[in-house]
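# Observations on the three-dimensional arrangement
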Amino acid sequence: EEKNICQTECETAEAEVNTDQDIGNFMKAVTCEREVLKERYQEVLDRHRQLENQLQIKIRCLQQQAEEEKNICQENGKQIQEVKTKLEELKKKSEREKKEYLQKEQEMKSEIEKLYETGKQLMKEQEEKGIQVAILISEQAEKKEKVNGDLARARQHHNEVNKKILAETERALKAEVISLESKRQLAVMMLDQAEMEAEMQIRNSGSLPINSGHLQEWQVRLSDIRIQKESLKKQYSAQIEMVKNGAKLSSLSIIPPPNLLPAPAEVTVRQSNGLAHLHLHSEQDKSPIAQRLEHLPRKQETWV
C-alpha cells in the first residue's frame, strides 16, 4: 500500500508538472495567437483606414465634379439665354433689313425704268453722232491723204538734205585729212632735206681730215632730225585717225614744228690743180634748206 501510495503521489506530482507545462505551452500559444490576431486586426484596421481615405478622396472628387457640372450647367444656361436674346435681335434685324430691301428694290425698279428711258435717248443720240463721225472720218481721210502727201514730200526733201549734209561732211572730212596729210608731207619733206644735208655733211667729213668734234655735231644733228621726223609722223597719223573717227580739226591740239639743233658749219671740198681743199662755211654761207629749217617759228602754230 505504501508503494501504491508512493506511486500515486509520484503520478500526481508528474501530472501536476505536466499540467503546468501544458498551461505554459497553452499560454504561449494563446499569446502567439493573440499577437497574430493583433497584427491581423491592425492590418484590417489599416486597410479600413485606407479604404476610408480613398472613399473620402473619391467623395471630394465627385463633389468637385458635381460643382463643376453645376457651374457648366449654369454657364450653359447663360449661353442659351444669350443665344435666345441674339436670335430675337437677329429676327428683329432681319425683319428691318427685309423692309429696307423691299424699299430699295422698289427704288431700284424705278431707277431702272429711268435708266432705260435714258438709254433709249442715248441710243438715238449715238446714232446721230455715228452719222456725224462717219462724215468726219471721210473728211479726215481726205485730210490724211493730203497730209501724207505733204509728209512724203517733206521726207524726200529731208532725205535729200541729209544726203547733201553727208556729202558735205565727207568732203569736209576728206579736206581736213588732206590738210593734215599735206602738213605732214611738208614737214617730213623739210626734215628729209635736212636729213639728206646732214648725211652729205657726214660723208664729206668722213673723207676729209677735220676735227672729230665737228663730225660728232653733225651726227647728233642727224639723230635729232630722225627722232623728230618719227615723232612728227606719229603725231600727224594719230590726228588723221582721230579726224577719220569723227573728231573736228579745230578741236585738236596744234602740232608744233620741228625744233632742230643749230646746224654746225658746213664742209665743202674744192679742187684746185687736182688737189682737194677743205673749206668750212660760216652761218651766212649755209644752204637755203638749212637756213629755212633753223628759222622755222618756235611757237606752236598750224602748218599751212
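Below is a short write-up of the structure. Throughout, a residue's number is its position along its own chain's written sequence, starting from 1. Given that this is a predicted model, residues contribute local features only at a pLDDT of at least 70 and side-chain atom pairs are listed and counted only at 80 or more, while totals for whole chains, interfaces and linings are drawn from all residues. To obtain the side-chain values, all non-hydrogen atoms of the structure were used and water was disregarded.

### Observations concerning the overall build of the chain
The line we're drawing: Put simply, DSSP H or I for four residues or longer makes a helix, DSSP E for two residues or longer makes a strand, and each gets a number counted from the N terminus. We call two residues in contact whenever any of their non-hydrogen atoms come within 4.5 Å of each other.
Counting secondary structure elements, the chain contains three helices and two strands. Seen in sequence order, the chain has helices and strands lined up from the N terminus as α-α-β-β-α. Excluding contacts between residues fewer than 6 apart, the proportion of contacts in the chain whose partners are at least 24 apart in sequence is 70%.

### A short note on a nonpolar patch on the surface
Applied cut-off: What goes into a patch is any residue over 30% in relative accessible area without a salt bridge, connected to like charges within 9 Å or, for nonpolar side chains (Val, Leu, Ile, Met, Phe, Trp, Tyr), within 5 Å. The Shrake-Rupley method, run with a 1.4 Å probe, gives the accessible areas here. Residue values count only the displayed protein chains as cover. Salt bridges are defined by distance alone: a side-chain nitrogen of Lys or Arg within 4 Å of a carboxyl oxygen of Asp or Glu. With a 1.4 Å probe rolled over the protein chains alone, any residue whose accessible area is under 20% of its type maximum counts as buried; one over 50% counts as exposed, and the rest are partly exposed.
Together, I23, F26, M27 and V30 make up an exposed nonpolar region whose accessible area comes to about 390 Å². With respect to the helices, strands and loops of the structure, F26 is situated in helix α1 (residues 2–206). The exposure class assigned to F26 is exposed, which follows from its relative accessible area of 55%.

### Comments concerning the pattern of salt bridges
All told, the structure shown has six salt bridges when counted by the stated rule. Between E195 and R226 there is a salt bridge, with the nearest N and O atoms lying 2.9 Å from each other. Taken together, the positions of E195 in helix α1 and R226 in helix α2 (residues 212–244) put the pair 31 residues apart, joining distant regions of the chain. Looking at R226, the relative accessible area reads 39%, which means it is partly exposed. K229 is paired through a salt bridge with E195; the nearest N and O atoms lie 2.6 Å apart. You can see K229 sitting in helix α2 and its partner E195 sitting in helix α1, a full 34 residues away along the chain.

### Quick look at the nonpolar core
Soluble, globular proteins show a tendency: their nonpolar side chains are buried together. Going by this rule: The set of buried Ala, Val, Leu, Ile, Met, Phe, Trp, Tyr and Cys residues whose side-chain atoms join them within 4.5 Å is what this entry labels a nonpolar core.
Within the largest apolar cluster, 18 residues are counted, with the highest numbers of intra-cluster contacts made by I225 and L232. When contributions to this core are tallied by element, the ones reaching two or more residues are α1 and α2. Beyond its immediate chain neighbours, meaning those up to four positions away, L232 contacts A187, L191, I255, P256 and P258.

### Section: the side chain of Q228
Mapped onto the secondary structure, Q228 falls in helix α2. Not counting residues up to four positions away in its chain, the partners in contact with Q228 are L191, P258, N259 and L260.

### Remarks on the layout of surface pockets
The condition is simple: Put simply, the grid is 1 Å and covers the protein atoms alone, a cavity is a trapped set of points that fit a 1.4 Å probe, a pocket is an open set with protein on both sides within 12 Å along at least five of seven lines, and lining residues have an atom within 4 Å of a point. Grid points are joined across faces, edges and corners, and a volume is the space filled by probe spheres set on the points. Note that Gly is not counted as nonpolar here; it falls among the polar residues with everything else outside the nonpolar set of Ala, Val, Leu, Ile, Met, Phe, Trp, Tyr, Cys and Pro and the charged set of Asp, Glu, Lys and Arg.
Estimated volume of the largest pocket: approximately 150 Å³. As for the largest pocket, its lining consists of L166, E168, T169, E170, A172, L173, E176, V243, G246, A247 and K248. If one sorts the elements of the lining of the largest pocket by residue count, α1 sits on top with seven residues. Its residues assigned to classes, the lining of the largest pocket shows five nonpolar, two polar and four charged.

### Let's talk about a negative patch on the surface
Test applied: Residues scored as positive are Lys and Arg, those scored as negative are Asp and Glu, and His as well as the terminal groups of each chain are ignored. The atom standing in for a charge is NZ when the residue is Lys, CZ when it is Arg, CG when it is Asp and CD when it is Glu.
Negative charge collects at one region of the surface, where E35, E39, E43 and D46 lie side by side. Inspection of the secondary structure assignment puts D46 in helix α1.

### Details of the environment of P258
Positionally, P258 belongs in the loop between α2 and β1 (267–272). Sequence-wise, P258 and I225 are 33 residues apart; in three dimensions their C-alpha atoms are separated by 8.3 Å.

From the geometry alone we can't say anything about function, so treat these as descriptive.
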